[in-house]
Amino acid sequence: MRLESTIVIRRKSEEVWRFLTEPSNLAKWDRGVAMVEMSDANAPVGVGLEFTTVGHAGSKPDRGRMRYQVTEADPGQKDFCVELTSRTGNARFFRAAQWHMRVQDAPEGSRVICSTKFRLRVRYLLLGPVLYLMKSRIDRDLVSLKSALENS
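Conventions adopted
- Residues numbered from 1 in each chain as written.
- Predicted model: local features only at pLDDT ≥ 70, side-chain atom pairs only at ≥ 80, totals over all residues.
- Heavy atoms only, no water.
- Helix = DSSP H or I, 4+ residues; strand = E, 2+ residues; numbered from the N terminus.
- Rg over C-alpha atoms; globule rule 2.2 N^0.38 Å.
- Buried < 20%, exposed > 50% of the residue type's maximum accessible area, 1.4 Å probe, protein only.
- Contact = heavy atoms within 4.5 Å.
- Core = buried A, V, L, I, M, F, W, Y, C linked by side-chain atoms within 4.5 Å.

K.L.:
I'd like a description of the overall build of the chain, backed by residues and values.
P.N.:
Per the secondary structure count, the chain includes four helices and seven strands. Starting at the N terminus and walking to the C terminus, you meet the elements of the chain as β-α-α-β-β-β-β-β-β-α-α. Against the globule reference of 15 Å for 152 residues, the chain gives a C-alpha radius of gyration of 15 Å, in line with a compact fold. Viewed in the frame of its principal axes, the chain has a C-alpha envelope of about 45 × 35 × 30 Å. Residues counted as buried form 41% of the 152 residues belonging to the chain. Contacts in the chain between residues far apart in sequence, at least 24 positions, make up 50% of those at least 6 positions apart.

If you want it as structure tokens, here you go:
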């Protein structure tokens, strides 16, 4: 399944790119992320970088922990991709999941295109329609991203 959302942000694409590619900024705009833990605090941002997102208090015993790895990062094209690498907690639903972000110049500033692709494990296929309906959450997170950047 693939979901895609787009938003225009009144900031230069370079500024948006820098903000998006810094994992610690996720907690500033992704409602499901309370904090980000880096696997190696000294690792440069780019392909191979690993990090874990932690959900808000009360989000299950594992606190909504999800581990990711950056698998693509092209600063020239302002294009990157992260893949889910954990298999426990909420990650157990997915055979594979990835988030792809692109930042493009736009007359008003920058256009951010966020797409997610995922394959569910067979026993969780019934969740497909529910996850499809959650596209509105991606839209709301992008509105939060816009707010975080434009109000800073």
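After that view of the structure, there is still more to cover.
K.L.:
I'd like to hear about the nonpolar core, residue by residue, with values.
P.N.:
In terms of nonpolar packing, the biggest core is built from 35 residues, with Leu20, Phe94, Met101, Val112, Leu142 and Leu145 touching the most fellow members. Secondary-structure elements contributing two or more residues to this core are β1 (2–9), α1 (13–20), α2 (26–29), β4 (66–74), β5 (79–84), β6 (94–106), β7 (109–120) and α4 (135–150). In this structure Leu20 touches Trp29, Phe80, Met101, Val103, Val112 and Leu145, once residues within four positions along its chain are discounted.

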